[in-house]
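These are the residues of each chain, in order.
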Amino acid sequence: MPPSPVPAAAATTADGSTTQDKTTAPRLHGGLLVLVGMLLVALNLRAAVTSLGALLDEVRVGLAMSGTLAGFVTTLPTIAFAALGAATPWLVRRLSAARLLVLGMLALAVGQVLRVVTDSALVFLLTSALALAGIAVANILMPMLVKQYFPHRTGLVTGAYTMALVTGTTAAAAAAVPVAHAFGSWRAGLGVWAGLAAVAVLPWLPAALRSRGAARRATRGAAGARLIVRPGRTRLGWAMAVYFGTQSLSGYAIMGWLAQLFRDSGFRAQDAGLLLAGVTALGVPIAMLMPTLAGRMSNLRPLVFALTAASTAAYLGLAFAPRDAALLWVLLLACGQGAFPLILTTIGLRARTADGTVALSAFAQSTGYVIAALGPLLVGILYEATGGWTAPLGLLLLALAVQTGAGMVIARPGYIEDER
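Cut-offs applied
In every chain, residue numbers begin from 1 and rise along the written sequence. pLDDT decides what is reported in this predicted model: residues at 70 or higher carry local features, side-chain atom pairs at 80 or more are listed and counted, and totals for whole chains, interfaces and linings draw on all residues regardless. Where side-chain values are given, they derive from all heavy atoms of the structure, hydrogens and water being excluded. To pair, rings of Phe, Tyr and Trp, with the six-membered ring standing in for Trp, must have centres within 6.5 Å; the planes then decide the type, stacked if under 30 degrees apart, edge-to-face if over 60, and tilted in the middle. Working rule: Lys NZ or Arg CZ, within 6 Å of ring centre, within 35 degrees of ring normal, means a charge sits over the ring. Residues enter a patch when their relative accessible area is above 30% and they make no salt bridge; the linking distance is 9 Å between like charges and 5 Å between nonpolar side chains (Val, Leu, Ile, Met, Phe, Trp, Tyr). Accessible areas in this description were obtained via Shrake-Rupley with a 1.4 Å probe; residue shielding takes into account the shown protein chains only. Only one rule defines a salt bridge in this text: a Lys or Arg side-chain nitrogen within 4 Å of an Asp or Glu carboxyl oxygen. Only DSSP runs of H or I with at least four residues qualify as helices, and only runs of E with at least two residues qualify as strands; both kinds are numbered from the N terminus onward. In these notes, a set of buried Ala, Val, Leu, Ile, Met, Phe, Trp, Tyr and Cys residues joined through side-chain atoms within 4.5 Å is what counts as a nonpolar core. Per-residue accessibility, obtained with a 1.4 Å probe over protein chains only, is compared with the maximum for each type, and a residue is labelled buried under 20%, exposed over 50%, and partly exposed between these values. In this analysis, two residues are considered to be in contact whenever any of their non-hydrogen atoms come within 4.5 Å of each other. In this scheme, a helix's expected span is set at 1.5 Å multiplied by one less than its residue total. Any pair of N or O atoms that falls within 3.5 Å is considered a polar contact. Within protein, one atom must be able to donate a hydrogen and the other to accept it, and sequence-neighbouring residues count only if both atoms are side-chain atoms. Under this scheme, a helix contributes an axis fitted over its contacting stretch, all axes are lines through C-alpha atoms, and angles between N-to-C directions fall in the 0 to 180 degree range. Handedness of a crossing is defined here by the sense of rotation of the near helix relative to the far one, left-handed for an anticlockwise turn of less than a right angle and right-handed for a clockwise turn. Under this grouping Gly is polar, as are all residues other than the nonpolar Ala, Val, Leu, Ile, Met, Phe, Trp, Tyr, Cys and Pro and the charged Asp, Glu, Lys and Arg.

Asks: Got a sec to walk through the packing of aromatic side chains? Specific residues and values, please.
Replies: For any pair of aromatic rings, geometry is given as the distance between the ring centres together with the angle between the planes. Summed over all chains, the structure comprises 10 aromatic pairs. Taken together, the ring pairs connect Phe81, Phe244, Tyr252, Phe340 and Tyr369 into an aromatic cluster. It is arginine 323 that lies over the ring of phenylalanine 267; its NZ or CZ is 4.6 Å from the centre.

This is the structure in structure tokens:
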């Protein structure tokens, strides 16, 4: 049985302890319901993005989008995650986590519905931004919820929700086109995921209805005791942001360009797509394993070096022998992408309190997604300029070196609250 939840309105004192106002805490019906709610939210955190990626050409033609606007649509997720994620700590000080998740999942559901009933490219863009706003808030809240409700199961619970995230990502990418073909329209392939977002609202509704702004009143009452954490003024905070950003840069570049690399190497389009899907599919067990290992280790350097070694071997293999051992490079890429669940786990491990966790999560992710947005763009520019993959893969190796340097900082035990 998971531990009893720590109230979301708990205030943090200077020595790292918490004061609790039992009347303001959004208590759900036990830890199991919290976990179910988190897993349902996690399933939604990329479905709206990858389903659009699978159907982008159909959407572009159907809405008569220009090439520039279609390109902007592909970068919109990272822009939204960076900009709106940064505002989440401000929202947390005014609304309970349960109410924020309800609002976020409702925004995601409504945005996904509205964008498939319009014939306007501009309205499609705006409603996609609404959907992504819900995801952006949930992205930041998830590590905080792990810290609040499962402080002694950080690795296990982070692994579970990360695995759900990867599963949702894979399912949406794989099912979007078949659903669209079954119903004869790209609109069905995108709109069906609104139902999943609506389901994710249900576990959080009881707590959201009970809170009724209590978190905001608690914040005012505990203002004198609350510890203000500013990760942007700390070495650890910037290391977390750089690690998150560089691993995301590589991840988005791989998702955007790996299939093209394999096609240029002589694979059929269908086989190249399957190889790309293999990276995501193999990432599911890795997403579960990595946080569990991290939660049991005092120093994370062995994991950082292992992930770097896997990615380095994969990039070199893709550069010099992409066709000869494609399955091996896919496996190594999947292992290297374990940096994503690792950094999500580390956010919780490097903060003592829920306040520290949400501040660190917001800074690392919002700053990191700014860095990540450069990945597909720079790879595309280098690919077009050189006509090959040596320069783009060299860029990814350079980003990996920066990622490893940041990893050495976050690997050491420590807490963001101690670096004020």
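Asks: I'd like a description of a nonpolar patch on the surface, backed by residues and values.
Replies: On the surface, Val110, Val113, Leu114, Val117 and Leu130 cluster together into a nonpolar patch covering about 390 Å² of accessible area. When residues of the nonpolar patch are assigned to their parent elements, the largest contribution, 3 residues, is made by helix H6 (residues 97-116). Inspection of the secondary structure assignment puts leucine 114 in helix H6.

Asks: Residue-level account of the nonpolar core, with values.
Replies: Within the largest apolar cluster, 95 residues are counted, with the highest numbers of intra-cluster contacts made by Met38, Val41, Val59, Leu145, Trp204 and Leu342. The greatest single-element share of this core, amounting to 16 residues, is contributed by helix H7 (residues 121-149). Those residues in contact with methionine 38 that sit more than four places away from it in its chain are Met142, Leu145, Val146, Phe150, Val157, Tyr161 and Trp204. In terms of nonpolar packing, the next biggest core, distinct from the first, is built from 29 residues, Leu318, Trp329, Leu333 and Leu393 among them.

Asks: Help me get a handle on helix H13 (residues 235-264), residues and values and all.
Replies: Over its 30 residues, H13 runs 42 Å from end to end, which matches the ideal 44 Å to within 8%, given 1.5 Å per residue. The element H13 is largely enclosed, with a buried count of 21 among its 30 residues. Of the residues flanking the start of H13, the one acting as N-cap is threonine 234, its side-chain oxygen 2.9 Å from the backbone nitrogen of glycine 237. Looking one or two residues past H13, glycine 266 carries a phi angle of roughly 110°, positive in sign.

Asks: Residue-level account of the packing of helix H14 (residues 269-295) against helix H17 (residues 339-349), with values.
Replies: Between H14 and H17, the shortest axis-to-axis distance is 8 Å and the interhelical angle comes to 35°. H14 and H17 meet at a crossing whose hand is right-handed. On H17, the residues that touch Ile286, Ala287, Met290, Pro291 and Ala294 of H14 are Pro341, Leu342, Thr345 and Leu349. Partitioned by chemical class, the residues of the contact of H14 with H17 number 8 nonpolar, 1 polar and no charged.

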